[in-house]
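Residue strings, one per chain:
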Amino acid sequence: MESKAMRVLVLGFSVTAEKNGYVEAAAERLAADGLPRPIDLRKVGLGGFHPSNLPPLIDYILDREKPDAVVFEIATSSFRNQTNADLNHPPILAALLNACHTRNLPCAFLDLPRTDVEFATDWVVTQHGDACRQLGLPHAAVAPSEGMFKDVVHPTPDGIATLSDALLALLRDLVAEPLIVPKAIAASGRQSCFAFSRVLAPGAGRRFERAGLEFTCAELHPGQPLHIKLPQPTRIIGLMAIAGPRSGQIRVAVPQGEARTVQPYDPYCYYERMYPMRMAPFMASELVLQQLPGVPEVDLLKGEKDTGPRIGYLAALFTSYDTDPAQGLKL
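Conventions and cut-offs
Residues numbered from 1 in each chain as written. Predicted model: local features only at pLDDT ≥ 70, side-chain atom pairs only at ≥ 80, totals over all residues. Heavy atoms only, no water. Phe/Tyr/Trp six-rings, centres within 6.5 Å; stacked < 30°, edge-to-face > 60°. Helix = DSSP H or I, 4+ residues; strand = E, 2+ residues; numbered from the N terminus. Buried < 20%, exposed > 50% of the residue type's maximum accessible area, 1.4 Å probe, protein only. Lys NZ or Arg CZ within 6 Å of the ring centre and 35° of its normal. Pairing = 2+ DSSP bridges. Contact = heavy atoms within 4.5 Å. Expected span 1.5 Å × (residues − 1). Polar contact = N/O pair within 3.5 Å; in protein donor to acceptor, adjacent residues only side chain to side chain. Axes fitted to C-alpha atoms, helices over the stretch in contact; angles between N-to-C directions.

Participant: When you look at the packing of aromatic side chains in this model, what are you seeing that I'm missing?
Facilitator: The way to describe two aromatic rings as a pair is by their centre distance and the angle between their planes. One pass over the full model with this rule turns up four aromatic pairs. Ring geometry for Phe79 and Trp123: centres 5.8 Å apart, planes at 85 degrees, overall edge-to-face. Placement of Phe79 in the loop between strand E3 (69–73) and helix H4 (85–103) and of Trp123 in helix H5 (residues 123–135) is noted, with a sequence separation of 44 residues between them. For the pair Tyr270 and Tyr271, a centre-to-centre distance of 5.5 Å together with 50 degrees between the ring planes defines the contact as tilted. Assessed through its relative accessible area of 29%, Tyr270 is described here as partly exposed. One Lys or Arg, Arg206, reaches over the ring of Tyr313 and ends 4.7 Å from the middle of that ring.

Participant: Looking at this structure, how should I read the pairing of strand E6 (residues 189–195)?
Facilitator: Residues in a regular strand point their side chains to alternate faces of the sheet. Within E6, five of the seven residues are buried, leaving the element largely enclosed by the surrounding structure. Here E6 pairs with strand E13 (residues 312–322) via seven bridges, running antiparallel. Pairing of Arg190 across the sheet is with Tyr321, part of E13.

Participant: Quick question: what am I supposed to make of helix H3 (residues 58–65) here?
Facilitator: Since the α-helix packs 3.6 residues into each turn, any two residues three or four apart lie on the same face. A large share of H3 lies buried, amounting to six of its eight residues. Turning to H3, its buried residues number three or more, namely Ile58, Asp59, Tyr60, Ile61, Leu62 and Glu65. Among the structural elements, strand E1 (6–12), strand E2 (39–45), E3, H4, E6 and strand E8 (213–220) are those in contact with the buried residues of H3. A positive phi of about 50 degrees marks Lys66, the residue just after H3.

Participant: Looking at this model, I keep getting lost on H5. Mind explaining?
Facilitator: Between its terminal C-alpha atoms H5 stretches 18 Å, which fits the 18 Å expected from 13 residues at 1.5 Å a residue. Taken residue by residue, H5 has Val124, Val125, Gln127, His128, Gly129, Ala131, Cys132 and Leu135 as its buried positions. Residues of H5 that are buried sit in contact with H4, strand E4 (107–111) and strand E5 (139–141). If you check the start of H5, you find a side-chain oxygen 3.3 Å away from the backbone N of Val124, and it comes from Asp122. Where H5 ends, the next residue or the one after it, Gly136, has phi of about 75 degrees, a positive value.

Participant: Quick question: what am I supposed to make of the sheet that holds E3 here?
Facilitator: Paired through their backbone hydrogen bonds, the strands of a sheet run either parallel or antiparallel. Reading across from one edge, E2-E1-E3-E4-E5 is the order of the five strands in this open sheet, with parallel pairing throughout. A single partner strand is all that each edge strand has here, and the edge strands are E2 and E5. Neighbour-to-neighbour, the strand axes of this sheet turn through a mean angle of 15 degrees, independent of strand direction. Where H3 meets the sheet, it contacts E1, E2 and E3, and its direction lies at approximately 150 degrees from that of E1. Docked against the sheet, helix H6 (residues 157–174) engages E1, E2, E3, E4 and E5, running at close to 160 degrees with respect to E4.

This is how it looks when you write it as structure tokens:
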């Protein structure tokens, strides 16, 4: 009797999100590659995201995808340019590792190259390698080579072949016995998200899916505020909405209390995509969300700017809660 296929999720950024990319190339070769067990290879690709966007989404993604193991591809965004990126990265790794630990999921890290990063001295590869050695997890870092890229980070057909080779080799280590689940990592807090689909009537809202990331969004129009009650007092740290030609500023407020304004709109809003936004933390048990009517004063990189009425599509609130930092290993 054939054994059940092991569902492996590749969670990464725009390189992973590409259609007919390295994940699909690896999937086509699974049967012929002689891996230790059958694998059902899946992916979630978050184009335009950074590692700092992952902690509030990791529980949602893993609960939705229900993988048996995870490969993290999180070295390909431009986040190295962010202030204190190297100091802020260990808590991000802790969030991903703890999400796998609590679900008893084996995991591995696949570090893919960029043309603007010195591979041999990259602190991202170093931090991932150190963490994986400490925990006994598989880790692969792909060195850049001539002809691999069509831009700073996305691969050519030859590059896709190289990256798929690396993924298949990593999978061999990931699914071999004994399966290695990460130990708990010390962390001063956890982040999560509250999906707006939880407050929608059955069949209501707009479904949005791209490269495996899927949400049912609440629709928001100027002059028609959305009032929601949260299950308990919650620390709000951000909002994710669709950014696109008709998006604009959104006001997030506690009734008769604190308010924040975010703008899911930038020069790339000639097309639609999910847009994560951070805000100064505040506590709330009720919220009123309003789509503001103004057209953002931002020029698009191409195409005609849509100056029609604004429409908001709310995917999720980003939330956080405290944990005991003494629990677990220190990275």
